[in-house]
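Spelled out, the chains give:
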Amino acid sequence: MHLIHDPNEPAAAETSFAEFLKLDIRAGTVRTCVPFEGARNPSLILTIDFGDGVGVRKSAAQITERYAPEDLVGRRVMAVVNFPPRQIGRMRSEVLVLGFADAEGAIVLAGPDAAVPDGARLA
């Protein structure tokens with residue numbers, strides 16, 4: 001899912017810390033990345049290693065404006081790992097990779113410092 005919000009919008013409605021903790025956001029390392037052939041919008045398929053607890057998962061991401069597949073292998077990313085899988089074309093996306101829209105609307109990936117191990121959980 002690729003949503004772009006106006007950075008000048010006010011903050012979203014308050015939520016509780018308990019609600020926030022329902023999201024399982026983990027650090028992982030991209031192991032493979034290939035173009036998503038046949039996707040409606042230009043996309044990449046990332047295989048991400050989240051360590052022993054979560055394992056290796058796949059994600060489809062519309063990030064081709066800023067990233068080439070070869071640039072992402074070995075890159076650290078953050079993703080929500082407990083959303084239900086989504087069928088996107090012929091691919092089953094298992095995690096939602098996190099990023100921010102730049103001024104032109106291209107997605108910039110969010111990633112942890114290299115000292116954070118694969119599988120580390122945010123919060």
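Residues numbered from 1 in each chain as written. Predicted model: local features only at pLDDT ≥ 70, side-chain atom pairs only at ≥ 80, totals over all residues. Heavy atoms only, no water.

Per an unreviewed UniProt entry, the protein chain carries the name tRNA-binding protein and comes from Sphingomonas arantia.

So, on to the overall build of the protein chain. Along the backbone of the protein chain there are 3 helices and 9 strands. Its helices and strands taken in sequence order, the protein chain reads α-β-β-α-β-α-β-β-β-β-β-β from the N to the C terminus. On C-alpha atoms alone, the protein chain measures out to a radius of gyration of 15 Å, which is about the 14 Å that the 2.2 N^0.38 rule sets for 123 residues. By principal-axis analysis of the C-alpha atoms, the protein chain measures approximately 40 × 35 × 30 Å. Relative to its 123 residues, the protein chain shows a buried fraction of 37%. When contacts within the protein chain are restricted to residue pairs at least 6 apart in sequence, those whose partners lie at least 24 apart make up 60%. When the 13 positive and 16 negative side-chain charges of the protein chain are each reduced to one mean point, those points stand 8 Å apart. (Helix = DSSP H or I, 4+ residues; strand = E, 2+ residues; numbered from the N terminus. Rg over C-alpha atoms; globule rule 2.2 N^0.38 Å. Buried < 20%, exposed > 50% of the residue type's maximum accessible area, 1.4 Å probe, protein only. Contact = heavy atoms within 4.5 Å. Lys, Arg positive; Asp, Glu negative; His and termini not counted. Charge placed at Lys NZ, Arg CZ, Asp CG, Glu CD.)

This part takes up the pattern of salt bridges. Side chains that carry opposite charge are capable of pairing whenever their charged atoms lie near each other. Counted according to the given criterion, the structure contains 7 salt bridges. The salt bridge involving aspartate 24 is made with arginine 26; its shortest N-O contact spans 2.6 Å. A salt bridge links arginine 66 to aspartate 102; its shortest N-O distance comes to 2.8 Å. Of this pair, arginine 66 sits in the loop between β3 (56–61) and α3 (69–72) while aspartate 102 sits in the loop between β8 (99–101) and β9 (107–109), and the two are 36 residues apart along the sequence. Judged by its relative accessible area of 44%, arginine 66 falls in the partly exposed class. (Salt bridge = Lys/Arg side-chain N within 4 Å of Asp/Glu carboxyl O.)

Okay, the UniProt feature "domain: TRNA-binding" (unreviewed entry) in the protein chain next. This chain's UniProt record puts "domain: TRNA-binding" (unreviewed entry) on residues 19–123. Its end C-alpha atoms 12 Å apart, residues 19–123 is made of 10% helix and 40% strand. (UniProt positions renumbered as here; feature names shortened; annotations may be inferred.)

Remark on secondary structure: sheet strands pair via backbone hydrogen bonds, oriented parallel or antiparallel. Strand order in the open sheet formed by 5 strands is β3-β2-β1-β4-β7, with antiparallel pairing between adjacent strands. At either end of the open sheet lies a strand with only one pairing partner, and these are β3 and β7 (96–97). Strand direction decides the pairing type here: strand β2 (residues 44–49) and β3, joined by 6 bridges, are antiparallel. Along β3, the bridge assignment pairs isoleucine 48 with arginine 57. (Pairing = 2+ DSSP bridges.)

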